[in-house]
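Report on the structure
Below are the chains, spelled out letter by letter.
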Amino acid sequence: MNNKIIVITGSSSGIGETLANYFTQKGHTVYGLSRSRKDKISFNHIATDVTNKENVFQSIQKILNESGRIDVLINNAGVGMLGAIEDVAKEDLDKLMNVNFFGTIYTMQAVLPFMRNQKSGCILNVSSIASNHGLPFRGYYSASKSAIDRITESVRLENHNTGIEISTVNFGDIQTPIAESRIHSTISNFYKKNYEKISKYIDEEVQHGMKPEDLILKIDRLISKKNLKPHYHIGKPMQVFSITLKRVIGQRFFEKLLARYSKLD
């Protein structure tokens with residue numbers, strides 16, 4: 001099947017927009033799901049709030065009514081967050097989990113029955129290399145991505161031998177506008193100095209991260225690949241290597257390296 005019906009959440013900017021434009025140019029039928037859209041886009045857009053389950057199901061049904069099938073779902077919608085574990089307000093945590101975690105769940109719940117009926121499909125859940133580490137002032141973000149890793153592993157087993165390929169793509173730092181929408185929770189005086197240093201460092205890492213265009217061919221290969229692994233880690237070599245390093249040297253020594261790398265007092 002040359003032409004695929006591809007659904008991408010979080011398509012209004014960054015990785016989602018880049019992928020949506022690329023797959024459209026390749027001749028695929030692409031539906032971008034996001035709350036807002038740019039004036040000029042090359043793909044189909046359906047206004048969707050991924051935190052609203054009913055809205056998600058309506059959008060998926062609309063696509064099925066128009067196209068008859070869905071071959072690929074890329075769960076890209078996400079939001080960043082900075083804050084100390086002690087300080088983060090519940091409303092900020094709810095916003096983070098509603099987008100990053102529940103948004104991913106709702107879209108999978110909507111497409112899985114149809115993919116099983118057609119005995120084929122590919123679901124890529126966008127996670128992060130940060131899902132493997134408890135990072136200072138990014139603990140809740142790491143936890144939201146770690147949760148995506150775990151539910152992806154579970155849903156793979158629950159849909160074993162159905163013809164559906166399910167995996168995560170765990171990115172390192174990517175040059176996206178994530179800093180513009182990042183949630184900044186209240187910081188108490190005890191954490192303020194370290195928080196300000198790390199916030200500046202994180203923004204610099206994003207600015208010097210991989211370009212969204214560098215991910216295109218990697219994702220393109222995955223959507224047509226059989227027997228996907230549970231997780232694919234994509235980022236700068238040192239970020240990818242950090243997963244192996246932590247396993248080799250152990251949590252205690254890895255924490256010391258992280259503390260030094262993060263310039264914690």
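Position labels on residues start from 1 in each chain and follow its written sequence. For a predicted model such as this one, the threshold for reporting local features is a pLDDT of at least 70, and the threshold for listing and counting side-chain atom pairs is 80 or more; totals across whole chains, interfaces and linings nevertheless cover every residue. Where side-chain values are given, they derive from all heavy atoms of the structure, hydrogens and water being excluded.

**A word on the overall build of the protein**
Per the secondary structure count, the protein includes nine helices and nine strands. Against the globule reference of 18 Å for 265 residues, the protein gives a C-alpha radius of gyration of 19 Å, in line with a compact fold. In terms of its C-alpha atoms, the protein occupies a principal-axis envelope of roughly 55 × 40 × 30 Å. For every residue, the accessible area (1.4 Å probe, protein chains only) is compared with the maximum for its type, and the residue is labelled buried under 20%, exposed over 50%, or partly exposed between those bounds. Per-residue burial over the protein gives 51% buried out of 265 residues. Contact definition: two residues touch when any of their heavy atoms are within 4.5 Å. Partitioning the intrachain contacts of the protein with sequence separation of at least 6 by distance along the chain shows that 73% fall at a separation of at least 24. Computed by Shrake-Rupley with a 1.4 Å probe, the accessible areas treat only the displayed protein chains as cover when residues are assessed. When the accessible surface of the protein is totalled, it reaches about 13500 Å², and 51% of it is carbon and sulfur. Secondary structure counts use DSSP, requiring at least four H or I residues in a row for a helix and at least two E residues in a row for a strand, with both numbered from the N terminus. As defined in this context, the radius of gyration uses C-alpha atoms, and a globule is described by 2.2 Å times the residue total to the power 0.38.

**Let's talk about the pairing of strand 4 (residues 72–75)**
Every second residue of strand 4 is oriented toward a common face, with Val72 and Ile74 on one face and Leu73 and Asn75 on the other, all of them buried. Between any two strands, at least two bridges found by DSSP are needed for them to pair. Of the strand pairs in this sheet, strand 1 (residues 5–9) and strand 4 are connected by three bridges, and their pairing is parallel. In the strand pairing of strand 4, Ile8 is matched with Ile74. In terms of strand pairing, strand 4 meets strand 6 (residues 121–128) through four bridges, oriented parallel. Bridge assignment links Val72 to a residue of strand 6, and that residue is Cys122.

**Some remarks on the packing of aromatic side chains**
Think of it this way: a Phe, Tyr or Trp ring, Trp meaning its six-membered ring, pairs with another when their centres are within 6.5 Å, and the plane angle makes it stacked under 30 degrees, edge-to-face over 60, tilted otherwise. In the structure shown here, the tally under the stated rule is seven aromatic pairs. Summarising the aromatic geometry, the rings of Tyr201 and Tyr261 are spaced 5.6 Å apart at their centres and angled 90° between planes, so their arrangement reads as edge-to-face. Of this pair, Tyr201 sits in helix 6 (residues 189–207) while Tyr261 sits in helix 9 (residues 251–261); the two residues are 60 residues apart in sequence, bridging distant segments of the chain. Taken together, Phe137, Phe190, Tyr191 and Tyr195 form an aromatic cluster joined through their ring pairs.

**Re the sheet that holds strand 9 (residues 231–234)**
Spatially, the seven strands line up as an open sheet ordered 3-2-1-4-6-7-9, and their pairing is parallel. Two strands bound the open sheet, and with one partner strand each, they are strand 3 (44–47) and strand 9. Across the sheet, the mean angle separating the axes of adjacent strands is 20° when strand polarity is ignored. Contacting strand 1, strand 4, strand 6, strand 7 (164–171) and strand 9, helix 7 (residues 216–223) crosses the sheet at an angle of about 140° to strand 6. Note on geometry: axes are C-alpha line fits, over the in-contact stretch for helices, and angles between N-to-C directions span 0 to 180 degrees.

**Details of the side chain of His133**
Among the structural elements, His133 can be located in the loop between strand 6 and helix 4 (139–158). His133 has contacts with Ser142, Ser242, Ile243, Lys246 and Phe254, leaving out every residue within four places of it along the chain.

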